[in-house]
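One-letter residues, chain by chain:
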Amino acid sequence: MEELQNAVKDGGLAVSNLPEKGRCLLTTKNFYPGEVILRQEPYVCVPNNTVSRCDGCFASESLKKCSACQVVWYCGSTCQKSEWKLHRLECIALSRLEKEKRKAVTPSIRLMVRLYLRRKLQNEMFIPASVTDSCNFVEALVSHLKDLDEKQLVLYAQMASLVHLILQWPEINLKEIAENFSKLACNAHTICDCELRPLGTGLYPIVSIINHSCLPNAVLIFEGKSSVVRAVEHIPEGAEVSIAYIDIAGSTMTRQKTLKEQYFFTCTCPRCIKAGQYNDIQESAILEGYRCKDDGCNGFLLRDSDDKGFICQTCGLLRSKEEVKRIVSEITAISDKELKYKSPGNHDEAISQYKMIEKLQMELCHPFSISLMRTREEILKILMEVGDWREALAYCRLTIPGYQRVYPELHPLLGLQYYTCGKIEWLLGYTEDAIKSLTRAIDILRITHGTNSPFMKELMMKLDEAHAEASYNLSSKDE
């Protein structure tokens, strides 16, 4: 612990063991919104397999497959050389597998194989190790193996068997590998691009110390494969740094359930300690409950004491259980059909199905319903894919109030939604509206993302161009 303290103290941080929280990251100086708290490279990482990506930089263009193992891709010699020390051993191990078994090598399997290979290279001093970048740090992570159900234990045992087959090291046992899978499940992070689209998975030992809050004071963003934790509010000296492990849109009950199932703890953050209080019940009913039957009323509904239905807390109107069940059944039937018969490229059918769901949700759910917001996100995504920009803009604008409700003022998802709105507005020639949306996007994203990434430089350039276009249009009118 002392070596670890020395390693992080120069960055204004301290690792502490709190009785109620365990290991956590505290500040030893003030941090202000937008300031980088921590930057760390992954101990190990792998790209995901939804599309082929370079192992070195996660790029998805101009790729060539490793000729020996036929599993790993590279965009060029620079990335191949940077990864060679680790991939040389991985390549030998993967090449021993039969071709059919290589198809079973998922990103999770590769991540575990690379974990053991990196430990081997560090132990044999082929690659350097430090206090914050060593297998000792990984071994100290909590596994929660005792909290897993039998189904998950069996899955980890099967995955461990494949890792054992790939490595063929008699000194490691299946139980140790299975326990490490459990550690990765709770401590690895999804690596995303600047627009929060998943690219891969990585293990960042210091970042894994940071605890969760549903009202976090920091945000985790990735620049390439590097993890960057930035403050989103003033964090005074001696305060704990917190990030969100999950999407924090949702009721307290939903968030607590997700955290318990995925991370095996009960959150006691400032939002969650209000569980059961009137304001929390009201918010839950708005986000995940039903709307009043009176279109002119914006009240929220709670179940009545006789269990006959749900009563509007504003006007007192009852909505029967039978009516709610009927609409829910219709939504479920359409959703199941969409999933069952979904085919790539059939955009018209998909939009039609989602709009039917949207119409029913508007009848059933509160205007700020998360499920309604998610449906509109899906419609927006498809409309953008087919280039129907006018309707896409209408749906993007419909999602903004929901985002403002469920996310804090400085949340990257809110900033990115303003960015999407601004891009479409500019494309359609609504320059003044685009300036407003892009300005709001930058006000948020400069805090969460910084200003030096290519993404942010491009965004700021877009805003400059929009301002220049607006000035030109104004001067043309004056003439």
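Residues numbered from 1 in each chain as written. Predicted model: local features only at pLDDT ≥ 70, side-chain atom pairs only at ≥ 80, totals over all residues. Heavy atoms only, no water.

K.L.:
Explain the overall build of the protein here, please?
P.N.:
Helices and strands together make up the secondary structure of the protein, namely 17 helices and 15 strands. Expressed along its principal axes, the backbone C-alpha trace of the protein runs to roughly 70 × 70 × 55 Å. Burial status across the protein gives 48% buried among its 479 residues. Sequence-distant contacts in the protein: of pairs separated by 6 or more residues, those separated by 24 or more amount to 59%. By element, 53% of the accessible surface of the protein is carried by carbon and sulfur atoms, the whole surface being about 24500 Å². Taking the 59 positively charged and 62 negatively charged side chains of the protein as two groups, their mean positions are separated by 4 Å. (Helix = DSSP H or I, 4+ residues; strand = E, 2+ residues; numbered from the N terminus. Buried < 20%, exposed > 50% of the residue type's maximum accessible area, 1.4 Å probe, protein only. Contact = heavy atoms within 4.5 Å. Areas by Shrake-Rupley, 256 points an atom, 1.4 Å probe, with all protein chains shown as cover. Lys, Arg positive; Asp, Glu negative; His and termini not counted. Charge placed at Lys NZ, Arg CZ, Asp CG, Glu CD.)

K.L.:
Help me out: how do you make sense of the side chain of His-212 in this one?
P.N.:
Along the polypeptide, His-212 turns up in strand S9 (residues 211-212). Judged by its relative accessible area of 9%, His-212 is buried. Separated by 3.4 Å, the side chain of His-212 and the backbone nitrogen of Cys-214 make a polar contact. A distance of 2.9 Å separates a polar side-chain atom of His-212 from the backbone nitrogen of Tyr-245. Non-local contacts of His-212, meaning those with residues more than four positions away in its chain, are made with Ser-242, Ile-243, Ala-244, Tyr-245, Ile-246, Ile-248, Leu-259, Phe-265 and Cys-267. (Polar contact = N/O pair within 3.5 Å; in protein donor to acceptor, adjacent residues only side chain to side chain.)

K.L.:
Just to check I follow, could you spell out the pairing of strand S11 (residues 226-231) for this structure?
P.N.:
Remark: a regular strand shows side chains that alternate across the two faces of the sheet. Taking burial as the measure, the six residues of S11 include six buried ones, the bulk of the element. Burial along S11 is two-sided: the face carrying Ser-226, Val-228 and Arg-230 and the face carrying Ser-227, Val-229 and Ala-231 are both buried. Of the pairings in the sheet, the one linking strand S3 (residues 36-40) to S11 comprises four bridges and is antiparallel in character. Following the sheet pairing, Val-36 is matched in S11 by Arg-230. Strand direction decides the pairing type here: strand S10 (residues 218-223) and S11, joined by six bridges, are antiparallel. Its bridge partner lying in S11, Val-219 is registered against Arg-230. (Pairing = 2+ DSSP bridges.)

K.L.:
How should I be thinking about the UniProt feature "domain: MYND-type" (unreviewed entry) in the protein in this particular structure?
P.N.:
Here the UniProt-annotated "domain: MYND-type" (unreviewed entry) positions come out as residues 54-91. For residues 54-91, the helix share is 37%, the strand share is 11%, and the end-to-end C-alpha distance is 15 Å. (UniProt positions renumbered as here; feature names shortened; annotations may be inferred.)

K.L.:
Teacher, can you tell me more about the packing of helix H3 (residues 84-95) against helix H5 (residues 107-123) here?
P.N.:
Helix-helix packing: each pair is described by the crossing angle between the helix axes and the interaxial distance. Following both chains from N to C, one finds H3 and H5 inclined at 115°, their axes separated by 10 Å at the closest point. By crossing handedness, the relation of H3 to H5 is classed as right-handed. Between H3 and H5, the contacting residues are Lys-85, Leu-86, Leu-89 and Glu-90 on the first element and Arg-110, Arg-114, Leu-117, Arg-118, Lys-120 and Leu-121 on the second. Of the residues in the contact of H3 with H5, the class split is four nonpolar, no polar and six charged. (Axes fitted to C-alpha atoms, helices over the stretch in contact; angles between N-to-C directions. Left-handed = near helix turned anticlockwise from the far one by under 90°. Nonpolar A, V, L, I, M, F, W, Y, C, P; charged D, E, K, R; others polar.)

K.L.:
Please explain the pattern of salt bridges as it appears in this structure.
P.N.:
Any two side chains of opposite charge can pair if their charged atoms end up close together. Considering all chains together, one arrives at 32 salt bridges under this definition. A salt bridge links Glu-35 to Lys-29, with the shortest nitrogen-to-oxygen separation between them at 3.7 Å. Judged by its relative accessible area of 36%, Lys-29 is partly exposed. As a salt-bridge pair, Lys-462 and Glu-458 come within 2.9 Å of each other at their nearest N and O atoms. (Salt bridge = Lys/Arg side-chain N within 4 Å of Asp/Glu carboxyl O.)

K.L.:
How should the sheet that holds S3 be read in this particular structure?
P.N.:
Sheet strands line up and pair through hydrogen bonds in the backbone, either parallel or antiparallel. With antiparallel pairing, three strands are arranged side by side in an open sheet as S3-S11-S10. Both edges of this open sheet fall to S3 and S10, since each of them pairs with a single strand only. If you compare each strand with its neighbour and ignore which way they point, the axes differ by 20° on average.

K.L.:
How do you make sense of the environment of Ser-208 when you look at a structure like this?
P.N.:
Here Ser-208 shows up in the loop between strand S8 (198-203) and S9. Ser-208 sits 19 residues away from His-189 along the chain, and the two C-alpha atoms are 8.3 Å apart. For Ser-208, the residues in contact, after removing those within four places along its chain, are Leu-141, Asn-187 and His-189.

K.L.:
What am I meant to see in the packing of aromatic side chains here?
P.N.:
Aromatic ring pairs are described here by two measures, namely the spacing of the ring centres and the angle between the planes. All told, the structure shown has nine aromatic pairs when counted by the stated rule. Measuring from centroid to centroid gives 4.9 Å for Tyr-245 and Tyr-263, while their planes differ by 55°, and the two rings are tilted. In this pair, Tyr-245 sits in the loop between strand S12 (242-243) and helix H9 (252-263) while Tyr-263 sits in helix H9, placing the two residues 18 residues apart along the sequence. For Tyr-263, a relative accessible area of 15% puts it in the buried group. Relative to Phe-310, the ring of Tyr-290 has its centre 5.0 Å away and its plane inclined at 75°; by these criteria the two rings are edge-to-face. Of this pair, Tyr-290 sits in the loop between helix H10 (278-288) and strand S13 (301-303) while Phe-310 sits in strand S14 (residues 309-312), placing them 20 residues apart in sequence. For Phe-310, a relative accessible area of 10% corresponds to the buried category. Of the aromatic side chains, those joined through ring pairs into one cluster are Tyr-245, Tyr-263 and Phe-265. (Phe/Tyr/Trp six-rings, centres within 6.5 Å; stacked < 30°, edge-to-face > 60°.)

K.L.:
In this structure, what is going on with the state of the cysteines? I would like to understand it.
P.N.:
Here, disulfide denotes a covalent bond that connects the sulfur atoms of two cysteines. Applying the stated criterion to the full structure yields zero disulfides. The structure places no disulfide on Cys-66, whose sulfur is separated from the nearest cysteine sulfur, that of Cys-91, by 3.6 Å. With relative accessibility at 8%, the residue Cys-66 sits in the buried group. Considering cysteine sulfurs only, Cys-272 is the nearest to Cys-214, which forms no disulfide, with 3.7 Å between them. (Disulfide = S-S within 2.5 Å.)

K.L.:
Got a minute to help me understand the environment of Leu-416 in this structure?
P.N.:
Tracing the sequence through the fold places Leu-416 in helix H15 (residues 412-427). Judged by its relative accessible area of 7%, Leu-416 falls in the buried class. Considering only alpha carbons, one finds Leu-416 and Asp-193, 223 residues apart in sequence, at a separation of 12 Å. Once you skip the residues sitting within four places of it in the chain, Leu-416 turns out to touch Cys-194, Glu-195, Leu-196, Leu-445 and Phe-455.

K.L.:
Help me understand the side chain of Thr-420 in this model?
P.N.:
When you line up the elements, Thr-420 lands in helix H15. Contacts of Thr-420, omitting those with residues within four sequence positions, involve Met-384 and Cys-396.

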